Every structure is written in structure tokens, then in C-alpha cells.
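Spelled out, the chains give:
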Protein chains: 2
Amino acid sequence: MATPGSGFWSFGSEDGSGDPENPGTARAWCQVAQKFTGGIGNKLCALLYGDSEKPAASSGSEPPRATSRKATCACDQKPCSCPKADVNYAFLHATDLLPASDGERPTLAFLQDVMGILLQYVVKSFDRSTKVIDFHYPNELLQEYNWELGDQPQNLEEILMHCQTTLKYAIKTGHPRYFNQLSTGLDMVGLAADWLTSTANTNMFTYEIAPVFVLLEYVTLKKMREIIGWPGGSGDGIFSPGGAISNMYAMLIARFKMFPEVKEKGMAAVPRLIAFTSEHSHFSLKKGAAALGIGTDSVILIKCDERGKMIPADLERRILEAKQKGFVPFLVSATAGTTVYGAFDPLLAVADLCKKYKIWMHVDAAWGGGLLMSRKHKWKLSGVERANSVTWNPHKMMGVPLQCSALLVREEGLMQSCNQMHASYLFQQDKHYDLSYDTGDKALQCGRHVDVFKLWLMWRAKGTTGFEAHIDKCLELAEYLYNIIKNREGYEMVFDGKPQHTNVCFWYVPPSLRVLEDNEERMSRLSKVAPVIKARMMEYGTTMVSYQPLGDKVNFFRMVISNPAATHQDIDFLIEEIERLGQDL
Amino acid sequence: MATPGSGFWSFGSEDGSGDPENPGTARAWCQVAQKFTGGIGNKLCALLYGDSEKPAASSGSEPPRATSRKATCACDQKPCSCPKADVNYAFLHATDLLPASDGERPTLAFLQDVMGILLQYVVKSFDRSTKVIDFHYPNELLQEYNWELGDQPQNLEEILMHCQTTLKYAIKTGHPRYFNQLSTGLDMVGLAADWLTSTANTNMFTYEIAPVFVLLEYVTLKKMREIIGWPGGSGDGIFSPGGAISNMYAMLIARFKMFPEVKEKGMAAVPRLIAFTSEHSHFSLKKGAAALGIGTDSVILIKCDERGKMIPADLERRILEAKQKGFVPFLVSATAGTTVYGAFDPLLAVADLCKKYKIWMHVDAAWGGGLLMSRKHKWKLSGVERANSVTWNPHKMMGVPLQCSALLVREEGLMQSCNQMHASYLFQQDKHYDLSYDTGDKALQCGRHVDVFKLWLMWRAKGTTGFEAHIDKCLELAEYLYNIIKNREGYEMVFDGKPQHTNVCFWYVPPSLRVLEDNEERMSRLSKVAPVIKARMMEYGTTMVSYQPLGDKVNFFRMVISNPAATHQDIDFLIEEIERLGQDL
């Protein structure tokens, strides 16, 4: 028998550290358990004892062991990969699992063991002593493991090993020091909800096959519209596969609203349409215009002020210019929370211009929408209630697992008219229930993944106030970072002033560059600093933060905080780590 | 203490049925366990003993109990919802879970209990004695439970209850008698992989944040291209959010290939483009044309033969007609496995015409692509290797959990040129690794859900031969159904001949209609039969199968079989059930 450790279910057995004479110890108990038949004794022992490599004294705070099912093996291989006698995965295949007859036992064992691997990963994700990433170059990773697909099945032992290996090389996106993307963190309720979603394995197109999820989408979108400020939460919406698609929906609906004939006749039947968005806006506006046959040349980029906010005077100038050319302005996409600076466009001024020139007002609040949950910060989106459509990604600032992006539309029924094709095999008109719940025909997609449940369950678990607390905390951390570095030697801010969102943009200037004059050579050298520090971060695996150039500004760090696990100490760590890794450059 | 039962981990304890005098029994063992501190005794007892409602003699084949953590409660409430003493969910909230300090214990307990609920659902899904659906009308479901979102958090006991309630009303899409959609079944390895995907919670746009998943996408798409028959598996591709989007990608890329200037200039810069697809094809072709600014009028529907296959002569006639009008044919989308009839268009003849007229050949094999895995059935897709692009949804015939749809493109680099926008904050050009693995810029989406892992892991677990066996079995079951009903009293086939895919289309004619002449009145009455039987199926919850009208054919049943759990007996049951429910109509 292995030394006592922390098994799958271990929640602390402070006095059970292996004394065979004490009937209250794990070891003594295990000896009793061995008298059970049916393998349950081994199973329960494995729960008490972790794998054979555990130290004798366990604090109970160790991560659960994915390998606990192998505890009773006495082979010479280290690490041993022999399965337990009662469920020998080496002799089991996918065909032995449900729906196979007698598939229930191996299925439950297998899914439990997968769960053990996942729980181990979850616990490690939050452990600052583990790496954010165990980085390997693509060619290394391709050589290190056989990822190829073959004709013959592999046994379940191999399948469990693949799960472990996959997670070994994964980025711990929930790690307290992972700041690389707008979507960070790992919410436990959201994760549970996503597991449930996978298990329910259904599709959003009809009430018939997703009754609860369709209702929850209805309830949740209505709540989001209320928060935006549309009267009674009226309007329409959909959860789409990401903010880029949500923005594309907005463009599609705006065009249809102005020229419904475009649906049948195409762009040939309409005048040249022009969309406006800021030069700091997300690239998906141009991507959408290219896809929709509008063309990227018809997306006019409006100038921003030094903080990255759209300048309304430039917007008006460009609208007039387009009209003078005989083009038709059909959409302004204001950004609430730009990707790099976290800037909020002046929505009220934009709304006035959209009203004046009768243009569809879209707000891309993919990143900033979360601030609507905060009484302290929602003023930054003042005017969003005047938008015709809003993109809002709960998978970003609200910490919902990926993917969860909503497009909200003020006018009800427009999405349906724009996209419906009346497929009779799916949206039968003679069903026995209220067909208004068959929402599939308003989507661009046919089948649509269930993205709502994780948001709904998290909202129940946190309440609006819980999201508010999370957002206020993240913004407070960003301000903390800003206050530390704004006057610290070796740092230069990309723009002045307190961050409006959690984006903090800065250069780290290594000592060797501090003495240089502000000329081209310095810029050229400075542009190489962030990429090297980032590469080192990844190779050490200690933290991850993004960098990029923007306009005439060379590579700078863009720190964003949406991770609920991050603390002041993690911010301190980031600063120290940047200095440690960049000191010699 | 409750009576012995089948707890979360129960795999049979045949002799441990509660004798307190026998030291080898569960009860005696539990008494020993109680001496442990830290709550582990209670926990381990709960593993041995299920909840208090279990009968004394357990076979071990019972579903795991989600409520096992409540086993020690002695309250009067039935069903009791009191949590166990050591983890009292009523006093715990989301804020007590990780990343909270000391959050590890409640997190592990909570996630384990969620898993208990999920495993119970999984086991029930395969149990023919349970309902496929516990149907409620939308207004009933809205009233039966409070689904609203509020300001204040709910405790974890309530959150666990929501999970149970959500699954109570869910459709068991893995149930052996669920035949309603093209995507049915619940694969255990696929499910495990989807749980892992949720846990890894990352995004496909860069190697930086999804190294393994990006490589697996590369490996898997290459393998799929090899199976299609492109030399060395060369080409391109992407996993997209469903077949409709995959088809839209094909249309987008075909247009770009012919007129690259459309990306910047829009549809105004190009002649009128015409796409061709059969009258039985999927509505997403028209939906895509509407979105892309091509217009639905520019999608020409080609006539089909009585089996639903596109007639090549009609295709050629319509191509010539379009050219005579000065329009530009740019895409033919042939269907390999139509949605209703399961028909395969004659791909070789289509390929010849596409070659002759220099038109992009797309094959929508969303439904039929799976047959490429079968040596017996892949001839039905002969000619697919000549396509320029192929849609293939492993989430349909191959049983991969939703969503998993691939678009494969023959020419490498085209997707990238078509969609790239060079966002410098995401696709930095000075990263330290091989940038060809940053695949995000070839997508329409920015963030993209990880859809590949479940397919990859299932492929490892089954091998190509395992998918083949599944597909051959489903086709054999469809033929079995066809052979039973083709000459059975009360059935009429919608088209003659053995099914080519698993689609079997038929009318059930109740006795009262069998005596009627074949006139309009009979048609009108027949059209009402399938909707009533379907409504009754859902109210009884015994089985689910789809129906629809098509062209001049009134409502008929479309049986499809992709469910790995279905057997000959389930087919027999379906026939008996249709007759039981429709006898009196």
C-alpha cells in the first residue's frame, strides 16, 4: 500500500497519517476496507491514499490526484501507469462505455477519473507556485507527443493520458497572473454550468429541443436590455459565437433596416453604403464589411483623441463628406471599451449625430459592457440606451467562460425579418406550442451552441451585485497599477490620466535606454523590449501580458485585468517580473 | 445513518448490505470512518451509503445519486434538501469558491456534487424506462419555476437545485429513442473532452494561448482532407460555429477567389454573381447569400429527381441561362446528404460542369460527410475529392457533441487572404514562435471556441474504424426500418427505394384514412396526422422524431438515425408507438 496522501476526495485527514496500530487512521481503515468485495475496498483506499509518490504528511490542501486510481499497483515503472484491478482501463475501450450494455460501471469510473484530472487542473490553475504556461515551440510540441489520428482505437488508459497531456501544455487562463487577453479567469459556477451544457448536448434553434435554454436566453437577454436602459427591457437579441459575429449581425441588421430589398436583390440594388467607426475600434467592423459585400473601403475610420476616444466633430465631417459624394451613411459603430486603450467613445454625442443624420447607432461594448453592472462606472456608457444595437460579451469583463457574446437589438422583429428563411423541416408552423419561442430563424447560424446557461447560472450565483463587486475590484486594481508605475523610474505611460477601463498601457524602458535621447534609434530599440520580455515571461511561465504597437506608438505593454483571482500582490509581481526580465535589455 | 445504497462511487458491494456485526460491512466500516476528523468520515460514509430513499439491497447498477451529500440529514422534508454538515451549501456562495482563500475544499465539494448531478443525468439518458422529454408548454415552464435574474446572490444549495431543475426539463438527446435531429446521441469520450475544453477555457486565435488545441486542429483538419482525397491532405480549413457558417465561408471564399477586389470594394465592384444549389439543399445557402450582399434571388435552385438528387442537366441549363444574361456563375453547392431525404447529389457530374464552366465547387456534406469514414458507403460521395471546399459536421453523423463543424478548403492560403485584417494587438509579427500557427486571422470570428478537442479525442478512442462501425450500424438500422415499413399496412413511403443515408421518409396513414380515395380531402387530413402524433409523442415523452412537408408532399415523418444508442428494438418501438398514438386519427 502506498503512503498516505491526498486522494480524489481528500479534504484533510490530519490524524490519519499512516499509523497501522491506530484504528482511526487511514491505513487501519484501509485494511478493513480490503475485506469488501467488488473492488470497492481498493476504490475507497485509493480515496484515502493518493498516488505512490506523495509525501507521508499531507496537509489536505494538495491538489487532488488524477492518478489515484493507480495507487495499488506495485510495478517497477515510475511513473506507473497501471490501472487499478477493478477498472482496468488498459483493457477498456470507448465501446465498453455507455450505451454499451454493462457500460454503466466503466462509464462512471472513466468520467470520474476525467473529473479527477480536471479538478487537479482547476486547483493548480489558482496556485501561484505553478506556471501559467509550460511553453514549448510548435515544432517541439509536435515532436514531443504523438498527436496523429489512426485507424485503430486506443484504450481508455491512453485516452486519460491524452487528457493529462493536453492540460499539461495548456495555458492556465484562470491563473492569477494570466493577464494576456480580455477574457481571463475561471469561474467555478460558470465552469459547472458549462459542464452541464455539454452534458445536455443540445442546440438552440427550437423550443422543442432546448426548452429551458431557450427560456433562459429570453430571460437573460431581456435583463441585459433592461440594464442597457431600453424601456421594459423590450427589443430583441441573440447569443452569437463571439463579438466579431455580434458586430457583423449589427451591420447586417442596420443595412436591412434601411434597405430591406438587399436580402433578395443583394448589394447591387442599393447605393453605396458607408459605415463609420473609430480608428481604435475592433477589426471586426472591417471584417464584417468585407464579408457582407460592403467592402472595407466603405468603413471610414474616425479620428480619436489622445485617449483613444472617437472625435465627434470628425465623425460629422466624414458623414457630410460621404453624403456629398452621394454615398449613404448607414451605420456608426461607437466603441465602449476599445481593445487596446480601453477607451469609451462619447456615446451621447454620437447618438445626437446618428439622430441628426438618421443613421443606425451600434455600440460595440464587447469589452466595456460589463461596466453597466457597476453603479460606480456605468456612467462611462451614458448614451448606450440610445443605441439601436449593442454588442456585449459577458465572456470578457464579466468572467463568463468562453464563449458568451450577446447582440442586443432595440427593435423587435427586425432580426427575424432580416434572417428568416422559413425552413419547413425545422420551423414547422403546425407545432403544438407557442412558436414565438422557436428563435432559430432569426440567427445566421442553423444549429447554435448553448451559450446562455453559464451566464444565467453565474448571475444567479453572484447576483448583479456580485458582478458589480468583481468589476469594481478589477478597475481598482488597474488604478493601483497605474498609480504605481506612472511616476516609477523606467516606465512611460502611453497616454496620460487614470485608466477608464482596466487597460493600462505603458512602456518599460530598460536602464540602457533611459540615457538615450528621444530619437529614432531609441524608438527602434524600445520597440524590441516588450517582445523580448514577453518571450521570456512565456519561457519562464511566470506571467503573461499582451503587447502591441498602435499607430505611431511602438510596441508597448497593454495590461488588462478581468481575472477575479488577481490581487494587489499579483500586480506587484507583474511589475517586479517585467523589471527582472527586462533589466538587461 | 441512512440505509445502505448506491452512492456516488458505488460499483457494487454485494456483501456489504448493512450488517452491523460483520466488520466487513459498509455499516461497520462507516462506524470506523466516523473516528476520522476533518469531515472525511462523513464523506466516506456518504460514498458507501446513497441517499436515504434507496432500497436496502442495491445492485450497484443504479444511477449515482446527486443528493448523496444530503444522506445524513434527518429532517422531515421529503425530498430533503438539507446539505451535509461538513459542506453546508446553504451558507456557501460563489464567493466562497476558488479563487477565494480556503476556497479549495468547498470548490472540490461543489464541483463533485455538480458532477454527481451530471452523472445521474448521463445514466438516465440511456435508460429506456425514462422519458425522452418531460414536456411543458412555454407558459407552464415560465410559471413552474422562478427563472428571473436578481441583484442578490443565491447560495450554492440553490445553484445545485437550478442544475437539477434545468436537467429535469431538458431533452435527453442521448436517449436511445431520440431521433428528432441530425445530431443525436451522447458520446462518453466526447463528453469528457468537452468538459476538458470548458476547463481549459481558452480561445483558438493564437498558438500563444491555445498551443495544443491549435496543433490538434491542424492535425485533425489535415486528416479530414486526406479522407476527402486531397493529395497529402494539403489545403486549408477551420472549425466554424455550425454548418450554416461553414457554407457561408465557402461562398465568401469562392467569391474572393474570383474577385479579390470585393474585399475592399464590395459587391458594387463586381458583376452580378450567381450561386447554384439544389431545391433540396439546406437553407443556409440562401441565408449566406442574403448576408454576403449577394441576395437570395441570385441563388438558383436546381431541380432534383424523385430521390432528391440534383439533376445535372438542369444545372447546366441554368448555368448557361445565367451566363446568357451576363451574370457570373461563381459557386455550385452540391449536397452530400440532404436534410430531409438524405440524398447525395451526383458529385462527379457536378464536378465536370464546374470544371467546364470554371465555377467553384462546394460540397455541403454537413450531414453526409460522416459516410467518408465507411469503406462500405463512401462511394456515395465519389467526386468530393474534386471539390474546392467541403462542409463536414462531425457533430452530426459522427456523434461528436455539439458544436463541431469543419470547413475544408482545397487551396491553401485563400482563407487567410480573404479574411485577414492584420490586427496588430493580436497577431504581432515579432513573436518568438512560428507565426503560421496563429490561425485566427483567417477566421470571420475573432475569439473562436475550441471545437476540435472532442473530435480529436473521440477519434483517438474509436479510431477511424470505430467511426466506420458506428456509421455502418446506423445505415443498417435505417435499412431495417425501411424493410419493415415499406410493405406494412398503414405506411406509405415518400420516395421509393432503399435509403442512401439514414433518412427514412414516410407517411403513417391511420385506419380511417386508408379507405379514402387519393384526393385533396385525404391529403388535407393526412397532413394533420404527423403533427398530432408528434405532439402526443412529446406529451408522453416516449420518443421524438421529426416531420415536415416538402414541396407538394404534405407532412411526413423523417426518421434519421445517428444515435449510437439506438437498436433494432428501438426501431420496433418507434413503429409501435406511431401506431399506438395515431391509430384513432
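None of these values were measured; they are calculated from a predicted model. Per chain, the residues get numbers from 1 upward, laid out in the order the sequence is written. Lettering for chains starts from A, numbering for ligands starts from 1, and both go in the order in which the items are written. Per-residue local features of the predicted model are confined to residues with pLDDT of at least 70, and side-chain atom pairs are confined, for both listing and counting, to 80 or more; whole-chain, interface and lining totals are unaffected and use all residues. Neither water nor hydrogens contribute to the side-chain values; these are computed over all heavy atoms in the structure.

Novice: I'm lost on the nonpolar core in this one. Help?
Specialist: Generally speaking, a soluble globular protein has its nonpolar side chains buried in company with each other. Among the nonpolar cores identified, the biggest contains 330 residues, and Phe110 of chain A together with Phe110 of chain B are the most heavily contacted of them. Not counting residues up to four positions away in its chain, the partners in contact with Phe110 of chain A are Tyr89, Leu97, Leu156, Ile159 and Leu160 of chain A together with Met188, Val189 and Ala192 of chain B. Residues enter a nonpolar core if they are buried and are Ala, Val, Leu, Ile, Met, Phe, Trp, Tyr or Cys, with the set joined through side-chain atoms within 4.5 Å. For the exposure calls, accessible area comes from a 1.4 Å probe over protein chains only, and a residue counts as buried if that area is under 20% of its type's maximum, exposed if over 50%, partly exposed in between. By size, the runner-up hydrophobic cluster in this structure holds 66 residues, among which are Phe330 of chain A together with Ile238, Ala250 and Ile294 of chain B. Contacts: residue pairs with any heavy atoms within 4.5 Å of one another.

Novice: Mind showing me how you'd approach the relation of the copies chain A and chain B here?
Specialist: One copy of the chain maps onto the second through a rotation around an axis plus a translation along that axis. Superposition of the copies used a least-squares fit over C-alpha atoms from residues whose pLDDT is at least 70 in both. Screw-axis analysis of chain A against chain B gives a translation of 0.0 Å along the axis, an RMSD of 0.0 Å, and a rotation angle of 180°. The relationship between the two copies is best expressed as a two-fold rotation axis. Identified as the residue of chain A closest to the rotation axis by C-alpha distance is Leu292 of chain A, at 2.0 Å. Mapped onto chain B, 99% of the interface residues of chain A are again interface residues, and the two copies thus contact each other with one and the same surface.

Novice: Would you explain the side chain of Lys462 of chain A in this entry?
Specialist: Each helix is a run of DSSP H or I of at least 4 residues and each strand a run of E of at least 2, with the numbering of both proceeding from the N terminus. Following the sequence through the fold, Lys462 of chain A ends up in helix H14 (residues 452-485). Whenever a nitrogen or oxygen atom comes within 3.5 Å of another N or O atom, the pair is scored as a polar contact, on the condition that within protein one atom can donate a hydrogen and the other can accept it, and that pairs from neighbouring residues in sequence are kept only if both atoms are in side chains. Polar side-chain contacts of Lys462 of chain A include one of 3.3 Å to the side chain of Asp187 of chain A. Those residues in contact with Lys462 of chain A that lie beyond four places of it in its chain are Asp187 and Phe467 of chain A together with Asp151, Gln152 and Pro153 of chain B.

Novice: Help me understand the sheet that holds strand E10 (residues 504-508) of chain A in this model?
Specialist: Sheet strands line up and pair through hydrogen bonds in the backbone, either parallel or antiparallel. All names here are of chain A. Reading across from one edge, E1-E11-E12-E10-E9 is the order of the 5 strands in this open sheet, with mixed pairing throughout. Pairing within the sheet leaves two strands with one partner each, and these edge strands are strand E1 (178-179) and strand E9 (491-493). Working convention: axes come from line fits to C-alpha atoms, limited for helices to the stretch in contact. Angles between N-to-C directions cover 0 to 180 degrees. Packing of helix H17 (residues 529-540) onto the sheet brings it into contact with E10, strand E11 (544-550) and strand E12 (553-559), and relative to E11 it is tilted by some 160°. Running over the sheet, helix H18 (residues 568-582) touches E1, E9, E10, E11 and E12 and is turned about 30° from E10. The pairing criterion for strands is at least two bridges between them, as found by DSSP.

Novice: Explain the environment of Pro499 of chain A here, please?
Specialist: All names here are of chain A. Inspection of the secondary structure assignment puts Pro499 in the loop between E9 and E10. Residues Pro499 and Tyr341, 158 residues apart in the sequence, show an inter-C-alpha distance of 8.3 Å. Residues within four places of Pro499 in sequence aside, it is in contact with Arg307, Ala478, Glu479, Tyr482 and Val504.

Novice: Is there a simple way to think about the packing of aromatic side chains in this case?
Specialist: Aromatic ring pairs: the centre-centre distance and the angle between the two ring planes describe each pair. Residue and element names in this part refer to chain A. When two rings of Phe, Tyr or Trp (its six-membered ring) have centres within 6.5 Å they constitute a pair, described as stacked for plane angles under 30 degrees, edge-to-face for angles over 60, and tilted for the intermediate range. With the rule as written, the count across this model stands at 36 aromatic pairs over all chains. A ring pair is formed by Phe135 and Tyr137, whose centres lie 4.9 Å apart and whose planes are at 80°; its orientation type is edge-to-face. Measuring from centroid to centroid gives 4.6 Å for Tyr341 and Phe495, while their planes differ by 35°, and the two rings are tilted. A residue pair is termed long-range when its members are at least 10 positions apart, and Tyr341 in the loop between strand E5 (328-335) and helix H12 (347-356) and Phe495 in the loop between E9 and E10 qualify at 154 residues.

Such coordinate-based values are descriptive only and should not be taken to indicate function.
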